[in-house]
Amino acid sequence: MKQLTELSPMERMIRQQVVERGIRDERLLNALRSVPREKFFLRETQNEAYADRAAPIGHGQMISQPYMVALMTHRLDLRPEHKVLELGTGSGYQTAILARLAGQVYTIERVKPLLDEAFERLMELGIRNAHFRYGDGTLGWPEEAPFDRLLITAGAPEVPRELLLAQLKDGGLAVLPTGPEDDQMLVEVRRRSNTLQTTDVCPCRFVKLIGKEGWEEC
Ligand code: SAH
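Thresholds, definitions, all that
- Residues numbered from 1 in each chain as written.
- Predicted model: local features only at pLDDT ≥ 70, side-chain atom pairs only at ≥ 80, totals over all residues.
- Heavy atoms only, no water.
- Near = heavy atom within 4 Å.
- Polar contact = N/O pair within 3.5 Å; in protein donor to acceptor, adjacent residues only side chain to side chain.
- Areas by Shrake-Rupley, 256 points an atom, 1.4 Å probe, with all protein chains shown as cover.
- Helix = DSSP H or I, 4+ residues; strand = E, 2+ residues; numbered from the N terminus.
- Nonpolar A, V, L, I, M, F, W, Y, C, P; charged D, E, K, R; others polar.
- Phe/Tyr/Trp six-rings, centres within 6.5 Å; stacked < 30°, edge-to-face > 60°.
- Buried < 20%, exposed > 50% of the residue type's maximum accessible area, 1.4 Å probe, protein only.
- Contact = heavy atoms within 4.5 Å.
- Core = buried A, V, L, I, M, F, W, Y, C linked by side-chain atoms within 4.5 Å.
- Axes fitted to C-alpha atoms, helices over the stretch in contact; angles between N-to-C directions.
- Left-handed = near helix turned anticlockwise from the far one by under 90°.

Caption draft 1: Up close: the site of the ligand. As a matter of local geometry, the ligand sits amid 23 residues, with Ser91, Glu109, Asp136, Gly137 and Ile210 nearest to it. Between the ligand and Ser91 there is a distance of 2.6 Å, counted from an oxygen atom to a side-chain nitrogen or oxygen. With the chains in place, 99% of the 570 Å² that the ligand exposes on its own is no longer accessible. Put simply, the parts of the chain that give the shell around the ligand at least two residues each are β2 (61-63) and β4 (104-109). With three residues, the top contributor of residues to the shell around the ligand is β2. A per-class count over the shell around the ligand returns nine nonpolar, 10 polar and four charged.

Caption draft 2: The arrangement of the packing of aromatic side chains in detail. All chains considered together, the criterion is met by four aromatic pairs. Between the aromatic rings of Phe40 and Tyr93, the centroid separation amounts to 5.5 Å while the plane-to-plane angle is 70 degrees, which identifies the pairing as edge-to-face. Taken together, the residues Phe40 in the loop between α2 (26-33) and β1 (55-58) and Tyr93 in helix α4 (residues 93-101) connect sequence positions 53 residues apart. One exposure class covers both Phe40 and Tyr93, and it is buried. Look at Tyr106 and Trp141: their rings are 5.1 Å apart centre to centre, the planes differ by 80 degrees, and that puts the pair in the edge-to-face class. Of this pair, Tyr106 sits in strand β4 while Trp141 is found in the loop between β5 (130-134) and β6 (147-152), placing the two residues 35 residues apart along the sequence. By the burial criterion, Tyr106 is buried, and Trp141 matches it. Ring pairing ties together the aromatic residues Tyr106, Trp141 and Phe147, which thus form one cluster.

Caption draft 3: The arrangement of the environment of Phe40 in detail. Phe40 sits in the buried class, given a relative accessible area of 1%. Put simply, Phe40 and Leu122 are 82 residues apart on the chain and 9.8 Å apart in space, counted from C-alpha to C-alpha. Not counting chain neighbours up to four residues away, the residues in contact with Phe40 comprise Val35, Ile57, Ile63, Ser91, Gly92, Tyr93, Ala96, Arg121, Leu122 and Leu125.

Caption draft 4: Spotlight on unusual backbone geometry. A cis amide bond links Ala145 to the next residue, Pro146, at an omega of 5 degrees. For Pro146, the location among the structural elements is in the loop between β5 and β6.

Caption draft 5: Structural view of the nonpolar core. With 50 residues, the main nonpolar core has Leu32, Phe40, Met68, Leu71, Tyr93, Ile97 and Leu186 as its most contacted residues. Per-element accounting of this core gives the leading share, seven residues, to helix α3 (residues 66-76). Those residues within four positions of Leu32 in sequence are excluded, and the remaining contacts are Met10, Ile14, Val18, Ala70, Tyr93 and Ile97. One finds Leu87, Phe147, Leu168 and Leu176 within the second-largest nonpolar core, a separate group that totals 20 residues.

Caption draft 6: How the structure looks around the packing of helix α1 (residues 9-18) against α2. As a packed pair, α1 and α2 sit with axes 10 Å apart at the nearest point and diverge in direction by 145 degrees. Considering how the two elements wind past one another, α1 and α2 form a crossing that is right-handed. Together, Met10, Glu11, Ile14 and Val18 of α1 and Leu29, Leu32 and Arg33 of α2 make up the contact between the two elements. Residue composition of the contact of α1 with α2, grouped by class: five nonpolar, no polar and two charged.

Shape descriptors only; they carry no functional weight alone.
Printed below as a string of structure tokens:
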């Protein structure tokens, strides 16, 4: 095995932050390898793209820590035929990873300039199975529902039940952070007909999900 010092920053991140923390799924690791994370950073912070933390992307929003992206993606258990809804496009980094592993990805962002930049980045990477919408993601994307998987990358006060019961397939899976701003939990929610079964994954910290089934705009 190569010494850590011989590895590129990206390979070092994958080994130290993802593999050594227990995520060894090769399909997922290869998806991480195929997306240059620095392209999703502001110019002034690009040298921190492989650091073990979240980073600002402007408009008060953050790109998630690499391990959190890997963990959420792993928990989603994606297959090539899956149709995925993502709320909180942000930089588009997580969207790009989802697009490598799923069939079609529908992503919604409420900050228009972030959505536009994310769209440009994915176009540049040649990703054509991601679809972008501007607006309140908690309303979902009714025209494309139902979805096999749903990922929310901003924290809601509670599980958005109405959205999940209306737009997630029966047997489908959602991964999202919930709870008060300073005490969030990443949860996995399985829909079984009209019930939602919630399992805690780990404590986490995300920016607020703002919208009908999220927090009120202040
Ligand atoms: N996955 C992103 C992280 C983005 S941070 C990345 O890897 O870069 C969360 C994003 O959710 C922010 O950009 C914020 O504007 C957005 N957001 C918050 N509430 C939203 C809502 N109701 N609908 C869509 N996007 C929302």
